[in-house]
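Residue-level structural notes
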Amino acid sequence: MAGLVSRRLFRRASAVIPGGVNSPVRAFRAVGGTPVFMRSGRGAWLQDVDGKRYLDFCLSWGPLILGHARREVVAAAGRALRRGSTFGAATEAEVALAEAIRQAVPSMELVRLTSSGTEAAMSAVRLARAFTGRDMVVKFSGCYHGHVDSLLVAAGSGATTLGVPDSAGVPEAWARTTVTVPYNDLQAAAAALRRWRGRVAAVIVEPVAANMGVVLPRPGFLEGLRELTARHGVLLVFDEVITGFRVCYGGYQRICGVKPDLTVLGKIVGGGLPLAAYGGRKDVMRLVAPLGPVYQAGTLSGNPVAVAAGLETLRLLKALKPYRRLEERTRSLAEDIRRCARACGAPVTVNQAASMMTVFFTEHPVTDYASAKLADAGRYAAFFQALLESGIYFPPAQWEAAFLSAAHGERDLDRAARAIGRVLTAGS
Ligand code: KE4
């Protein structure tokens, strides 16, 4: 439960910020209680404003693969800040970061930096519409691409029916430009492209979904999307805001071998500062202003401080090569949780991909949004709160991903496994 200072701050925040938070999921609405206000982070640990420490498995929703306040990243950002935070002009460092991204993700032949994943996804969709001269987009239930108006869409009744707004303020007409189909359902995607033949600009997908909790692509799903989109003259957009530099040095496309036309990056690529990117085929990206007619801009796009943090993060990831150890440790923790759940009869399914995972409170396999939604959010809430009391900070929502960082040591993971085991055994 949140301490006294958090509770006081939440009352103060609620008087001046909608819901007391600057992003809805931080409000703990999905898990109940007052949100914990954080004061600092170091390595794998967070400290809240009441002085309580937590082993952090939310890691700011993904950016902090090196852990909080990584010394080299802080130093690099500090040096940049002391030279001036922003010039609104080109700098060498942003060229170096774009080059590093292209080297890591070769399908991104040209790269544009933005300040958020939402901005990058929105721009990629606008670009796809311009390149194809078409208006519609196919997305997948449970996948999230930021608060882009036309993508804040709930699935229509059938797999090929037009979307309906999933947020107030989104015009019906904009929602109807999006068709939502079930993740991992290639037939539904094919049906949507047939039904709206000649009108679909892009298919946008999280290659490993993480916004309904972690859901892995079925063998052949991404390859099938590549073949379908190529056949229909539709651009394939991989939203790798989470998977980019999380699952390997590059994106999931390096692992699965599927080459998208456009890729969206965020989170890790900014090293914990506001930076994201989109990029892809030269012939497509050449439409982006000032080269072409697709306008996209940003005062702080590619700003020196965030670029410095991103560059240092990518340099460290390349040098440290943490991915194998991260995957092994995450797999081991996932196995510990499964073993404990079997032993105590807790209805738990754990999906794990590289250094991210989700503990779903359901005994069914979770392969798409419909099966993810069978999870018992109330039991997850009790699980989250019990872990919080034990000094373990999981994502405050069932349908999100938990992450490990290079700063999580064996002792930290043993501590987490023991705490999770106690909580599952106690029936929370
Ligand atoms: P941002 O605009 O939050 O930088 O990125 C949007 C976005 C785009 N694509 C994917 C696959 C994403 O996961 C996100 C943002 N992720 C959420 C958590 N799953 C951010 C947390 C929040 O909204 O506070």
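Provided above is the structure to which this section pertains.
This is a predicted model, so every value here is computed, not measured. (Residues numbered from 1 in each chain as written. Predicted model: local features only at pLDDT ≥ 70, side-chain atom pairs only at ≥ 80, totals over all residues. Heavy atoms only, no water.)

**Details of the side chain of E72**
Put simply, the rule is: Labels follow the DSSP assignment, with helices taken as runs of H or I lasting at least four residues and strands as runs of E lasting at least two, numbered in each case from the N terminus. Polar contacts here mean pairs of N or O atoms no more than 3.5 Å apart (in protein, one a potential hydrogen donor and the other a potential acceptor; neighbouring residues in sequence count only if both atoms are side-chain atoms). Here a residue-residue contact requires only that any non-hydrogen atoms of the pair lie within 4.5 Å.
Relative to the helices and strands, E72 resides in helix α2 (residues 71-83). Here the side chain of E72 touches R70 through a polar contact of 2.7 Å, side chain to side chain. Filtering out sequence-adjacent residues up to four positions away, E72 remains in contact with E312, R315 and L316.

**Focus on the side chain of D412**
Condition: Using a 1.4 Å probe on the protein chains alone, a residue whose accessible area is under 20% of its type maximum counts as buried, one over 50% counts as exposed, and one in between counts as partly exposed. Counting rule applied: Lys, Arg positive; Asp, Glu negative; His and chain ends not counted. Basic side-chain nitrogens of Lys or Arg form a salt bridge, by our definition, when they fall within 4 Å of a carboxyl oxygen of Asp or Glu.
Along the chain, D412 falls in helix α14 (residues 410-425). Of the side chains bearing the opposite charge, R415 lies closest to the buried D412, which forms no salt bridge; the N-O distance is 6.3 Å. Within the local environment of D412, its side chain forms a polar contact with the backbone nitrogen of G409, the two atoms lying 2.8 Å apart. Apart from residues no more than four positions distant in its own chain, D412 is found in contact with A44, W45, L55 and A407.

**Thoughts on a positive patch on the surface**
Our working definition: Within this analysis, patches are made of residues with over 30% relative accessible area and no salt bridge. Like charges are joined at 9 Å or less; nonpolar side chains (Val, Leu, Ile, Met, Phe, Trp, Tyr) at 5 Å or less. Only the protein chains shown count as cover for residues, with accessible areas throughout obtained via the Shrake-Rupley method and a probe of 1.4 Å. Positions of charges follow a simple convention, taking NZ of Lys, CZ of Arg, CG of Asp or CD of Glu.
A contiguous patch of positive charge on the surface is contributed by R53, R411, R415, R418 and R422. With four residues, α14 is the single largest residue contributor to the positive patch. On the secondary structure map, R418 appears in helix α14. Classification of R418 by relative accessible area gives exposed; the value is 52%.

**Some remarks on the layout of surface pockets**
In this approach the atoms are scanned with a rolling probe the size of a water molecule, which exposes any empty space left behind. To keep things clear, this is the line we draw: Each cavity reported here is a set of points on a 1 Å grid over the protein atoms alone in which a 1.4 Å probe fits but cannot get out, each pocket an open set with protein on both sides within 12 Å along at least five of seven lines, and each lining residue one with an atom within 4 Å of a point. Grid points are joined across faces, edges and corners, and a volume is the space filled by probe spheres set on the points.
Estimates place the volume of the second largest pocket at around 740 Å³. Every residue lining the second largest pocket is counted, 31 residues in all, and those nearest its centre are E94, V111, R112, L113 and P290. Listed by contribution, the elements that provide at least two residues to the lining of the second largest pocket are α3 (92-104) and β4 (110-114). At five residues, the largest contribution of residues to the lining of the second largest pocket is made by α3.

**Section: the environment of A44**
Position of A44 relative to the elements: it lies in the loop between β1 (38-42) and β2 (45-48). Residues within four places of A44 in sequence aside, it is in contact with Y54, L55, D56, A407, H408 and D412.

**Side note on the sheet that holds strand β16 (residues 402-403)**
Here is the rule we go by: Two strands are said to pair when DSSP picks up at least two bridges between them. Lines fitted to C-alpha atoms define the axes here, with helix axes fitted over just the stretch in contact, and angles between the N-to-C directions of these axes take values from 0 to 180 degrees.
Read from one edge to the other, the open sheet built from three strands follows the order β13-β14-β16, with strand pairing classed as antiparallel. Lying at the two open borders of the sheet, with one neighbouring strand each, are β13 (349-353) and β16. With five bridges joining them, β13 and strand β14 (residues 356-360) adopt antiparallel strand pairing. Bridging across to β14, Q352 finds its partner in M357. Against the sheet, helix α11 (residues 323-344) contacts β13 and β14, and its axis sits at roughly 175° relative to β13.

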